[in-house]
Amino acid sequence: MRTESVGVSPGRDPAAAERGPVISDGMADVLRSLRAGRGGDPARLCAQALGAAGVAVSLLVGDGRMAEPVWCYPEVSARFEDLQFTLGEGPGPEAVRLGTPVLQPDFDTVRTDRWPALLPAARELRVHGVCCFPLGIGAIRTGVLTVLCTEERRLSDQQYADAVALATALTGAFLSGDAHNGDRSLDGRRTGLGTAP
């Protein structure tokens, strides 16, 4: 199935989208754990709850609004995230620019001229596809959540709802400054959601 659109993907129930996402029990548990600042690798926990091959969360920093990965699991997530923002092309930069999710779970369906430098490099990393969710409110962009798809190369409605809920929670945490009070990520930066008010 070709999924080059952005926003709600084809076939999703618009009425269900208006009601808002219903998150899984697993994602609800992860969000509670992150808000409470409980231990563990948050990226790994989120990837497991999403049933994803990996997760990366990057924040936009500096005057140039460069993406700095703060959560990554496994290592290939960090490598892919660095790659797309270094090249300036891919679902992540598009999600940040457009302010809407960019869903591309199967890179084999992407026109080669869309991301000419990224696609061959993604194949070398064995990244099959990703779905990226911007972190921010309105015109304010704080970062991006990148979900690496499994070899099945699809994103279910439940995974979509869970990823939207995670992106929303991360946006609130980063905008309020709570995200710097939690546990350390793999590279030592403090990246938990902190304590709930």
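Details of the structure are given in the entry above.
I will try to describe carefully the structure that is included in this document. (Residues numbered from 1 in each chain as written. Predicted model: local features only at pLDDT ≥ 70, side-chain atom pairs only at ≥ 80, totals over all residues. Heavy atoms only, no water.)

A look at the sheet that holds strand S2 (residues 66-73)
In space, the five strands of this open sheet follow the order S2-S1-S5-S4-S3, with antiparallel pairing throughout. Every interior strand has two partners, whereas the edge strands, S2 and strand S3 (102-104), have only one. On average, each strand axis in the sheet is tilted by 20° relative to the strand beside it, whichever way the strands run. The pairing of strand S4 (residues 130-137) with strand S5 (residues 140-148) spans eight bridges and is antiparallel. The residue bridging Cys 131 from the neighbouring strand is Val 147, located in S5. Running at roughly 130° to S5, helix H4 (residues 75-87) makes contact with strand S1 (54-61), S2, S4 and S5 of the sheet. Sitting on the sheet, helix H7 (residues 157-176) is in contact with S1, S2, S3, S4 and S5, with an inclination near 35° to S4. (Pairing = 2+ DSSP bridges. Helix = DSSP H or I, 4+ residues; strand = E, 2+ residues; numbered from the N terminus. Axes fitted to C-alpha atoms, helices over the stretch in contact; angles between N-to-C directions. Contact = heavy atoms within 4.5 Å.)

A word on helix H2 (residues 25-36)
The α-helix advances 3.6 residues per turn, and as a result positions three or four apart in sequence lie on the same side. With 12 residues, H2 extends 16 Å from end C-alpha to end C-alpha; this agrees with the ideal 16 Å at 1.5 Å per step. Among the residues of H2, those classed as buried are Met 27, Ala 28, Val 30, Leu 31, Ser 33 and Leu 34. Contacts made by the buried residues of H2 are with helix H3 (42-50), S2 and H7. (Expected span 1.5 Å × (residues − 1). Buried < 20%, exposed > 50% of the residue type's maximum accessible area, 1.4 Å probe, protein only.)

In short, the description is geometric, and any link to function would need to be established separately.
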